[in-house]
Amino acid sequence: MSSGPGAASVPAPDPHDSPPTSDTRPRKSSMFSSLKVRNYRLFFMGQVVSNIGTWMQRIAQDWLVLSLTGSSAAVGITTALQFLPMLLFGLYGGVLVDRLRKRPTLLVTQSAMALTALALAVAVLTGHVQVWHVYVAAFAVGLATVVDNPARQSFVSELVGPRQLQNAVSLNSANFQSARLVGPAVAGILITGVGTGYAFLFNGLSFIAPLTGLLLMRARELHVVERAPRGKGQLREGVRYVTGRPELIWPIVLVGFVGTFAFNFPVYLSAFADDVFHAGAGAYSMFNTLMAVGSVAGALLAARRGTARLRLLIAAALVFGALEIVAATTPTLWMFALLMVPLGLFGMTVNVTTNTSIQMSTDPAMRGRVMALYMMVFLGGSPVGAPIVGWITDTYGARVGLAAGGAVAAVAAAVIGLVLARVGNLRLSVGWHRGHPRVRFVPREQEELAPAA
C-alpha cells in the first residue's frame, strides 16, 4: 500500500500509473535532508516566523470572538467564514495555481494576508473592534488562502524536486506545528497582559520574513514544473483525474470527514477551557501548546519515512477518533491536557500521510488542482462542520461535541479502510505472530490457496 510518484497507494495496480524511475523514487534519508537546498531553506525559515504569527492570531481571534459574544457558536461561525471561500472557490484557485508561476503568486497572497492582520490590529488597539470586523477579516484571509494554500503546497516540489518531496512536506508540517509551541504560549501572555490587539500586530509584521525569503530565492535553482495552459474544461479535468484514481479520492473523502467534524479544535478547546474547566485563556493556549508537542513529534517521525502508506492513514484516523472520545470523558483538566499530546501526534500523522501520498501520486501539471481539491475538502469542510459542532457544544455541552467529532472520524476511517481493502482485493487477517495478536490486510489469493496448502 505504499505510494510513489504516479504509483497507486492501494495494492492493486492502476493502469494509469507508470513505474517510478530512479530519478523520482522517494528514498529514506536524514530527518532534515531537504534543508540542504538553499531555496527551500529560505522558504522554511520565512515560514518559521510567519507560522508563529499565524498561531498567535488564531488563538487571539478565537478568544476575542468568545469575549465579545460569549458563544461557542460564534467561534464556529468565525472558523466557518475563514474556510468558506475554500469551499466555494477552492477548485478555481487550483486551476489558477496550475497556470501561474508560484513565487510571484505567493508574494501577492502573503502580502494580502499581512494587510488583513494589520487592519484587524488597528481595529482592536483603537478600541473600535466589533465581532463583524473579525468576521470580515476571517473571510478576507479565507479568500487569500484559496490561492495561497495550493500554491504553497505545490511550490514545495519546485523547491526540492521529487526525491526530497516526502521529507520537505513533513518538515513543513513540523515547522507549522513547532510554531504552535511558541505562538499560543506567547498569545496567552499577550492576551492576559496587554490584550489581543498586539497578537494581530505581530502576525501582520511576521509576513516580512516569508516575503523576504521569496525575494531572495534563486530562480535558476527551482525545479522546472510544467504549467497548465489556459483552456476550457480544466476544472472538470481535475475532478475527473481525482475521481478516477482510488489512491486519491478515498484519502480525500476521509480527511473530509475528519476535517469537518473532528478537527474543529477552536470550538472544542475554547469550550473546554471556558465552560468545562473554567480555566480561561491560559488553559486554552496550554491545550494548543501540548497538542503541538504531539504534532511536531508526528511530523518529524513522518520526515524519516521514505513513503506514505494508506494503511498508516487509516490506522492513525481510527486512533485519532478514539482518542477524542476518551478525551471527552476525562474528569480533570490535567488528564484532558495530557491527552492533547497523542491527539496532536495522530492528527498530524493523518495530515502528513494524506498530503504526501496525494502529492507523490499526482502528475506535476495537475498538482495545483489536486491539492486545491484536497485543501478544499480538508479545510472547506469547516464552514459546514464548525457551526454544527458549535451548536452541539452550546446545546449539549463540550463533552458531547468532542465525542461526536471523534466518533465520526473513527467510523469514517473504518468504512473507508474496508473500501480500500476491497478495491485492492484484500481481506482482513486476524492471527498471532511471535506470541502477539496481529491484525492486517492480506491479498485474497492467500485465502484461496490456503486449503490447497
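Residues numbered from 1 in each chain as written. Predicted model: local features only at pLDDT ≥ 70, side-chain atom pairs only at ≥ 80, totals over all residues. Heavy atoms only, no water.

A. Structural detail: the overall build of the protein chain. Helix and strand counts for the protein chain stand at 17 helices and two strands. Burial statistics for the protein chain: of 453 residues in total, 55% are counted as buried. The long-range share in the protein chain, meaning contacts at least 24 apart out of those at least 6 apart in sequence, stands at 83%. With an accessible surface of roughly 18800 Å², the protein chain has 66% of that area assigned to carbon and sulfur atoms. (Helix = DSSP H or I, 4+ residues; strand = E, 2+ residues; numbered from the N terminus. Buried < 20%, exposed > 50% of the residue type's maximum accessible area, 1.4 Å probe, protein only. Contact = heavy atoms within 4.5 Å. Areas by Shrake-Rupley, 256 points an atom, 1.4 Å probe, with all protein chains shown as cover.)

B. Region of the structure containing the packing of aromatic side chains. Here the structure, examined in full by the defined rule, presents 14 aromatic pairs. For the pair Phe43 and Phe155, a centre-to-centre distance of 6.1 Å together with 70° between the ring planes defines the contact as edge-to-face. Here Phe43, found in helix H1 (residues 38-69), pairs with Phe155, found in helix H4 (residues 131-160); they are 112 residues apart in sequence, far enough to count as distant. Judged by relative accessible area, Phe155 falls into the buried class, the value being 0%. Through pairs of rings, three or more aromatic residues link up here, namely Tyr40, Phe43, Phe44 and Phe155. Geometry around Trp55 places Arg58 over its ring, the cationic atom sitting 4.7 Å from the centre. (Phe/Tyr/Trp six-rings, centres within 6.5 Å; stacked < 30°, edge-to-face > 60°. Lys NZ or Arg CZ within 6 Å of the ring centre and 35° of its normal.)

C. Focus on unusual backbone geometry. Of note in this structure, His278 is not a glycine but carries a positive phi near 50°. Within the fold, His278 resides in the loop between helix H10 (265-276) and helix H11 (280-303). Residue classification places His278 among the exposed residues on the basis of a relative accessible area of 63%.

D. Seen up close, H10. Taken residue by residue, H10 has Phe265, Val267, Tyr268, Leu269, Ser270, Ala271, Phe272 and Ala273 as its buried positions. Looking one or two places after H10, you find His278, whose phi comes out positive at around 50°.

E. H1, seen in detail. Under the 1.5 Å per step criterion, the end-to-end length of H1 is 46 Å for 32 residues, consistent within 8% with the ideal 46 Å. Of all the bends in H1, the greatest measures close to 25° and is centred on Val48. Two residues or fewer past H1, Gly70 is found with a positive phi of approximately 70°. (Expected span 1.5 Å × (residues − 1). Bend = angle between axes of the 7 residues up to and from the residue.)

F. Just the nonpolar core, in detail. Among the nonpolar cores identified, the biggest contains 82 residues, and Leu254, Leu269, Phe287, Phe336 and Tyr374 are the most heavily contacted of them. Each residue touching Phe336, except ones within four places of it in the same chain, is listed here: Leu269, Phe272, Phe277, Phe287, Ala327, Thr330 and Leu402. (Core = buried A, V, L, I, M, F, W, Y, C linked by side-chain atoms within 4.5 Å.)

G. Expanded view of the side chain of Thr145. Counting through the fold element by element, Thr145 comes out in helix H4. When sequence neighbours within four positions are dropped, the list of residues in contact with Thr145 reads Met86, Met113 and Pro150.

H. How the structure looks around the pattern of salt bridges. Under the definition given, this model contains three salt bridges. Close ionic contact of Arg152 with Asp148 constitutes a salt bridge, the shortest N to O distance being 2.7 Å. Of this pair, Arg152 and Asp148 both sit in helix H4, four residues apart, which is roughly one turn of the helix. On the basis of relative accessible area, Arg152 is assigned to the partly exposed category, the value being 23%. Salt-bridge contacts for Arg218 lead to Glu221; the nearest nitrogen and oxygen are separated by 3.0 Å. Taking the relative accessible area as the measure of exposure, Arg218 reaches 32% and is therefore partly exposed. In this structure Glu221 comes out as partly exposed when scored by relative accessible area, which is 32%. (Salt bridge = Lys/Arg side-chain N within 4 Å of Asp/Glu carboxyl O.)

I. Looking closely at the packing of helix H2 (residues 72-99) against helix H8 (residues 234-243). One way to put it is that H2 packs onto H8 with a least axis distance of 10 Å and a crossing angle of 100°. One finds that H2 runs roughly perpendicular with respect to H8. In this structure, H2 uses Leu91, Tyr92, Val95 and Arg99 to contact H8, whose residues at the interface are Gln234, Leu235 and Val239. Here the contact of H2 with H8 is composed, by residue class, of five nonpolar, one polar and one charged. (Axes fitted to C-alpha atoms, helices over the stretch in contact; angles between N-to-C directions. Parallel < 35°, antiparallel > 145°, perpendicular 65-115°, else oblique. Nonpolar A, V, L, I, M, F, W, Y, C, P; charged D, E, K, R; others polar.)

J. Quick peek at the environment of Pro85. Its location among the elements puts Pro85 in helix H2. In this structure, the C-alpha to C-alpha distance between Pro85 and Leu143, residues 58 residues apart in sequence, is 5.4 Å. Look past the residues within four positions of Pro85 in its chain and what remains in contact with it is Gly90, Phe139, Gly142, Leu143 and Val146.

K. Molecular detail of a nonpolar patch on the surface. Judged by side-chain polarity, Leu87, Leu88, Phe89, Tyr92, Leu143, Val384 and Ile388 come together as a nonpolar surface patch covering roughly 610 Å² of accessible area. For the nonpolar patch, the secondary-structure elements that each account for two or more residues are H2 and helix H15 (382-396). Inspection of the secondary structure puts Ile388 in helix H15. Residue Ile388 is classed as partly exposed on the basis of its relative accessible area of 36%. (Patch = residues over 30% accessible without salt bridge, like charges linked within 9 Å, V, L, I, M, F, W, Y side chains within 5 Å.)

L. Layout of the confidence of the model for the protein chain. For the protein chain, the average pLDDT comes to 80, and 83% of its residues sit at 70 or higher. Of all secondary-structure elements in the protein chain, the lowest mean pLDDT belongs to helix H17 (residues 444-449), at 50, while helix H7 (residues 208-216) reaches the highest, 95. Within the model, the stretch residues 1-27 combines pLDDT values under 50 with 68 contacts to residues more than four positions away or in other chains. Segment residues 446-453 is flagged for pLDDT under 50; beyond a separation of four residues in sequence, or across chains, it makes one contact in the model. (pLDDT = per-residue confidence, 0-100.)

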